[in-house]
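So you can see what is in the structure, the chains are spelled out below.
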Amino acid sequence: MKKILLFVAAAVAAVSVQAQSVQMMYKGEVLQDGAVVEVTEFDAEAGEMPWHVEFKNNTGEDVEVIMSYESYDNKYSELMGIPGFGDGLSLCTWQCVAGESVTAPPFYVDAEGKPDCAFHTAFMIMSNQPDFGGYQDAYIKADYMLVNAANEDDFTYVTVIFDYAKYVAAVNKAGVNNNMNVYQRGTNLVCNYAFDAVAERSLVVTNIVGARVANVALDGNNGEVALERLSKGVYVYTLVENGRNVKSQKIVVR
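Cut-offs and rules
Residues numbered from 1 in each chain as written. Predicted model: local features only at pLDDT ≥ 70, side-chain atom pairs only at ≥ 80, totals over all residues. Heavy atoms only, no water. Patch = residues over 30% accessible without salt bridge, like charges linked within 9 Å, V, L, I, M, F, W, Y side chains within 5 Å. Areas by Shrake-Rupley, 256 points an atom, 1.4 Å probe, with all protein chains shown as cover. Salt bridge = Lys/Arg side-chain N within 4 Å of Asp/Glu carboxyl O. Lys, Arg positive; Asp, Glu negative; His and termini not counted. Charge placed at Lys NZ, Arg CZ, Asp CG, Glu CD. Helix = DSSP H or I, 4+ residues; strand = E, 2+ residues; numbered from the N terminus. Buried < 20%, exposed > 50% of the residue type's maximum accessible area, 1.4 Å probe, protein only. Pairing = 2+ DSSP bridges. Disulfide = S-S within 2.5 Å.

Even after reading the chapter, I still don't get a negative patch on the surface, so can you show me in this structure?
Residues E61, D62, E64 and D116 make up a contiguous surface patch of negative charge. Relative to the elements of secondary structure, E64 occurs in strand 6 (residues 63-72).

What follows is the structure in structure tokens.
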């Protein structure tokens, strides 16, 4: 009896998989319902963490599909205290749409698994930009659903986690040695720094809503610079190295 039940369960599972006319793939692997994907790659030029989704068409024919997502756990919005502010997730087919809940216009996936549009999805790291605060712990999670436009019962879904902090940690572990300390001395902010490698560096200071209030060059591998007096309040200072935000931290000016 036990063997029969196992066989029936396996058969049902097989039918369930076959019922999904189009499935999502990542790095060459088919993603089953409920799979969790963790994205830690970062495109510095675009300022985003892209999720390069591929498709598997199980029908041998063109299938019209609809892709949607529901996002949550936007860590940057929580830090800023403004719901929906800051880092943004987007879904692009014929046009790019961003928001906490997005459904893209329908598109076709051919027999080879190729979409007939420029499909892509990415997490825009606004906190990587100094004007938006420079936080290093950008994080968002989203549930993606791919549905056959002709049959709403024919779908597949996965959860995707975009974690910028893990990217930063991996870069630092690879050997980036940045020793920098920012503190208040009298009415000024002072930055002491010492680095092992030569690079183009600057210190960017923004207020709590992301407006830039200071930007000073850190010349040489070591030294000290003083910033002009800032009004009392909470600020974020960011070390920018060769155009990339390396370290961000809050400081309270009293």
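What's the story with unusual backbone geometry in this structure? I'm lost.
Trans is the prevailing form of peptide bonds, just as negative phi is the prevailing case for residues other than glycine. Residue K27 is not a glycine yet carries a positive backbone phi of 55°. Position of K27 among the secondary structure elements: in the loop between strand 1 (22-26) and strand 2 (29-30). Take K27: its relative accessible area is 59%, and that puts it in the exposed class.

Sorry, what's going on with the pattern of salt bridges here?
Any two side chains of opposite charge can pair, on the condition that their charged atoms come close. For the structure on display, the rule yields four salt bridges. In this structure, K166 and E38 form a salt bridge, with 2.8 Å as the shortest nitrogen-oxygen distance. With K166 in helix 3 (residues 164-173) and E38 in strand 3 (residues 35-39), this pair connects stretches of sequence that are 128 residues apart. Judged by its relative accessible area of 40%, K166 falls in the partly exposed class. Across the pair E241 and R201 runs a salt bridge whose closest N-O atoms are separated by 2.8 Å. In this pair, E241 is assigned in strand 19 (residues 233-241) and R201 in strand 16 (residues 201-207), connecting sequence segments 40 residues apart.

What am I meant to see in the sheet that holds strand 2 here?
Two pairing modes exist for strands in a sheet, parallel and antiparallel, and in both the strands are linked by backbone hydrogen bonds. Strand order in the open sheet made by the three strands is 2-1-5, with antiparallel pairing throughout. Of all strands in the sheet, those with a lone pairing partner are strand 2 and strand 5 (54-57), marking the two edges. Of the strand pairs in this sheet, strand 1 and strand 5 are connected by four bridges, and their pairing is antiparallel. Counted as the bridge partner of M24 is F55 from strand 5.

What's the story with the state of the cysteines in this structure? I'm lost.
As used here, a disulfide is simply a covalent bond connecting the sulfur atoms of two cysteines. In total, this model carries one disulfide according to the counting rule given. Sulfur-sulfur distance for the disulfide between C92 and C96 comes to 2.0 Å. The sign of the 110° torsion about the S-S bond sets the C92-C96 disulfide as right-handed. A residue is classified by how much of its surface remains accessible, and C92, at 2% relative accessible area, is buried.

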